[in-house]
Amino acid sequence: MNTLLFPVILAGGKGERFWPLSRKDRPKQFLSLDGSSRSLLQATADRLLALGGSWNTLWVITSSQIAEGVRQQLPDLPVENLLIESEGRDTAAAVAWTSLEIKRRYGEDAVIGFFPADHWIADQEAFAHTLRAATQLATSTAAIVTLGIKPTFPSTGYGYIEQGEKIGSFNELPAYHVNRFTEKPNRETAETFLSTGRFSWNSGMFVFRAGVVLKELHTHAPEIIEPLEQHGPDIYPQLPKKSIDYALMEKTTLAYVLPVDFGWDDLGDWNAIERLLKTEETPNVELATHVGLDTQGAIIYASNPEDVVVTIGLEDVVIVRDRNVTLIVKKERTQEIKQILKILQSDSRFTNLL
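Each chain carries its own residue numbering, running from 1 in the written order of its sequence. Note on the predicted model: pLDDT of at least 70 is required for a residue's local features to be given, and 80 or more for side-chain atom pairs to be given and counted; whole-chain, interface and lining totals, by contrast, use all residues. Just so you know, side-chain values use all the structure's heavy atoms and leave hydrogens and water out.

Check the secondary structure of the protein and you find 10 helices and 17 strands. Its C-alpha atoms give the protein a radius of gyration of 21 Å, within 12% of the compact-globule value 20 Å for 354 residues. Summarising its shape, the C-alpha atoms of the protein cover approximately 60 × 45 × 35 Å along the three principal directions. Per-residue burial for the protein yields a buried fraction of 51% across its 354 residues. Of the roughly 16400 Å² that the protein leaves accessible, carbon and sulfur atoms contribute 48%. Mean positive and mean negative side-chain charge positions of the protein (35 and 46 charges, respectively) differ by 3 Å. By the criteria applied, helices consist of DSSP H or I runs no shorter than four residues and strands consist of E runs no shorter than two, each listed in order from the N terminus. The quantity called the radius of gyration is restricted to C-alpha atoms. Its globule counterpart is 2.2 Å times the number of residues to the power 0.38. The rule is simple: take the accessible area with a 1.4 Å probe, protein chains only, and divide by the maximum for that residue type; under 20% is buried, over 50% is exposed, in between is partly exposed. Accessible surface is estimated by sampling points in the Shrake-Rupley manner with a 1.4 Å probe; for residues, cover comes only from the protein chains shown. Charged-residue counts in this description rest on Lys and Arg as positive and Asp and Glu as negative, His and the chain ends being excluded. The atoms used to mark charge sites are NZ of Lys, CZ of Arg, CG of Asp and CD of Glu.

Structure (structure tokens):
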């Protein structure tokens, strides 16, 4: 049985909550947000290539709007390993199409891993150790393995996975059957989850054999897999828009979780920058030339180093200056950036800002 992992980067997201830095022509996955010179997409590819594979085993699925940007960011990626969606239909369709293509080329025992392009991983060695464990589990069992991040605080922004019966250890890591997936909870529920010690954050990273996931998709999401098998990717715009969590993971009995701890963040919005870069010595996170008076707990970003941001008496805000747009928002309301984009989209004066 094949023990080689074929990693797939899910790179079709828009990253709207990082607007105005993330825009149609420069989505979040093309940005460097941790102070390094590598974009999120490039850092994800580096991390997966370090597992011992090669460019020939790495795959990327993305949207037609940014496919050329992906080629520029990853020039060594074989053209046949870049799948281009004519229209975004969420992660269930992306997983189904990629799994079909890898099965066609390498057989139903090929082990596939799916990884969002916008994750930050602190401990690369622990990450590699975890994926070797997940690959062992997926190889030996009809399993859809998900990586569960050990929670460090009662987050209301992540989904949760409840672990059930322990089924064994793989590469010295314990694995559990999944009892249930839970969508983003309220604060009280999140605190209860943490107190039990049985819950992990849902990382959105999965490992399984091609044949296993395709069989489960036939059982639980035939409306996605059957049209793809019959018509190929030309049917994409007609597929239902569903996440892999909703279409499959919440329904399958083959879900297993590896609770892991390698330093992780999904970089969902501007507050993630603070989690990555904030130090006790500084009152703010400053990725800009900033002159401040009585300003603390702020996240300040400017794409042009010649721009100067001046603040007086501000607390717990995000200030972003990019090209012809300045965003100022309370940190607790960054999730509402998507609502602003809908307003801008409805007004012809502002569509060039998207």
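On to the packing of helix H6 (residues 210–220) against helix H7 (residues 222–231), then. Each axis is a line fitted through C-alpha atoms, taken for helices only over the stretch in contact, and angles between the N-to-C directions span 0 to 180 degrees. In the contact formed by H6 and H7, the axes pass within 6 Å of each other and the chain directions differ by 120°. Of H7, the residues touching H6 (which contributes Leu214, Leu217, His218, Thr219 and His220) are Pro222, Glu223, Ile225, Glu226 and Glu229. Note on residue categories: nonpolar means Ala, Val, Leu, Ile, Met, Phe, Trp, Tyr, Cys or Pro, charged means Asp, Glu, Lys or Arg, and polar means any other residue, Gly included. For the contact of H6 with H7, the class distribution of residues is 4 nonpolar, 3 polar and 3 charged. We call two residues in contact whenever any of their non-hydrogen atoms come within 4.5 Å of each other.

The subject of this paragraph is the sheet that holds strand E12 (residues 285–287). Being paired, for any two strands, means DSSP has found at least two bridges between them. With mixed pairing, 4 strands are arranged side by side in an open sheet as E12-E14-E16-E17. The sheet is open, and its two edges are formed by E12 and strand E17 (325–330), each paired on a single side. Neighbour-to-neighbour, the strand axes of the sheet open up by a mean angle of 5°, direction not taken into account. Relative to E17, strand E16 (residues 317–322) runs antiparallel, the two sharing 6 bridges. Pairing of Val320 across the sheet is with Leu327, part of E17.

You can see Glu85 is positioned in strand E3 (residues 82–85). By salt bridge we mean one thing: a side-chain nitrogen of Lys or Arg within 4 Å of a carboxyl oxygen of Asp or Glu. Within the buried set, Glu85 has no salt-bridge partner at all; the shortest N-O distance to an opposite charge, 8.2 Å, is to Arg89. Side-chain atoms alone can form a polar contact between residues adjacent in sequence; in general such a contact is a pair of N or O atoms within 3.5 Å, and within protein one must be able to donate a hydrogen while the other accepts it. Here Tyr236 takes part through its side chain, which lies 2.5 Å from a polar atom of the side chain of Glu85. Beyond its immediate stretch of four places on either side in the chain, Glu85 contacts Ile61, Thr62, Ser63, Ser64, Asp90, Ala94, Trp97 and Tyr236.

Before going further, it helps to examine unusual backbone geometry. Cis geometry is found at the peptide bond from Trp19 to Pro20, where omega equals 5°. Positioned with a positive phi, Glu172 is a non-glycine residue whose angle comes to about 70°. Among the structural elements, Glu172 can be located in the loop between strand E7 (160–170) and strand E8 (173–182). Positioned with a positive phi, Leu267 is a non-glycine residue whose angle comes to about 50°. With respect to the helices, strands and loops of the structure, Leu267 is situated in the loop between strand E11 (264–265) and helix H9 (271–277). In this structure Leu267 comes out as buried when scored by relative accessible area, which is 0%.

Next up on the list: helix H4 (residues 124–140). Expected span of a helix, by definition, is 1.5 Å for each gap between consecutive residues, and there is one gap fewer than residues. For H4, spanning 17 residues, the distance from its first C-alpha to its last is 25 Å, which sits close to the expected 24 Å at 1.5 Å a residue. Every buried residue of H4 is listed here: Phe127, Ala128, Thr130, Leu131, Ala133, Ala134, Thr135, Leu137, Ala138 and Thr139. By the N-cap criterion, in which a side-chain oxygen at the helix start approaches the backbone nitrogen of a residue two or three places on, H4 is capped by Asp123, the distance to Glu125 being 3.2 Å.

In globular proteins that are soluble, nonpolar side chains generally tend to be buried together. Joining through side-chain atoms within 4.5 Å is the link that ties buried Ala, Val, Leu, Ile, Met, Phe, Trp, Tyr and Cys residues into a set, and such a set is a nonpolar core. Core analysis: the largest hydrophobic core is formed by 45 residues, its most contacted members being Ile9, Leu258 and Phe262. Those residues in contact with Ile9, other than ones at most four positions away along the chain, are Leu41, Thr44, Ala45, Leu48, Leu58, Trp59, Val60, Ile61, Phe115 and Ala117. Of all hydrophobic cores here, the second largest spans 42 residues; its members include Phe6, Ile61, Phe208 and Leu217.

Looking now at a positive patch on the surface. Residues Lys14, Lys24, Lys184, Lys241, Lys338 and Lys342 make up a contiguous surface patch of positive charge. Locating Lys184 in the fold gives a position in the loop between E8 and helix H5 (187–196). For Lys184, a relative accessible area of 52% gives the class exposed. Like-charged residues within 9 Å of one another, or nonpolar side chains (Val, Leu, Ile, Met, Phe, Trp, Tyr) within 5 Å, are grouped into patches, provided each residue has over 30% relative accessible area and no salt bridge.

Aromatic pairing here means that ring centres of Phe, Tyr or Trp (its six-membered ring) are within 6.5 Å. Orientation follows from the plane angle: under 30 degrees is stacked, over 60 is edge-to-face, and everything else is tilted. In this structure the tally under the stated criterion is 13 aromatic pairs. A ring pair is formed by Phe153 and Trp201, whose centres lie 5.2 Å apart and whose planes are at 70°; its orientation type is edge-to-face. Highlighted residues: Phe153 in the loop between strand E6 (144–149) and E7 and Trp201 in strand E9 (residues 199–209), separated in sequence by 48 residues. Ring geometry for Trp270 versus Tyr301: centroids 5.6 Å apart, planes at 50°, classification tilted. Residue Trp270 is located in the loop between E11 and H9, and its partner Tyr301 is located in strand E14 (residues 299–302); the two are separated by 31 residues in the primary sequence. The cationic tip of Arg47 hangs over the ring face of Phe127; the distance from NZ or CZ to the ring centre is 5.7 Å. For a lysine, the NZ atom is tested; for an arginine, the CZ atom; a charge sits over a ring if that atom is within 6 Å of the ring centre and within 35 degrees of the ring normal.

So, about the environment of Lys24. Residue placement: Lys24 occurs in the loop between strand E1 (5–10) and helix H1 (40–49). Look at Lys24 and you get exposed, because its relative accessible area is 59%.

With a 1 Å grid spanning the protein atoms alone, the term cavity applies to any set of points in which a 1.4 Å probe fits but cannot get out, the term pocket to an open set with protein on both sides within 12 Å along at least five of seven lines, and the term lining residue to any residue with an atom within 4 Å of a point. Grid points are joined across faces, edges and corners, and a volume is the space filled by probe spheres set on the points. All told, the structure shown has 1 cavity of 30 Å³ or more when counted by the stated rule. The volume enclosed by the largest cavity comes to roughly 30 Å³. Around the largest cavity, the lining residues are Val95, Phe114, Ile144, Phe206, Phe208, Ile244, Leu248 and Met249. Listed by contribution, the elements that provide at least two residues to the lining of the largest cavity are E9 and helix H8 (244–249). Counting residues per element, the lining of the largest cavity draws most heavily on H8, which supplies 3 residues. Of the residues that constitute the lining of the largest cavity, the class distribution is 8 nonpolar, no polar and no charged.

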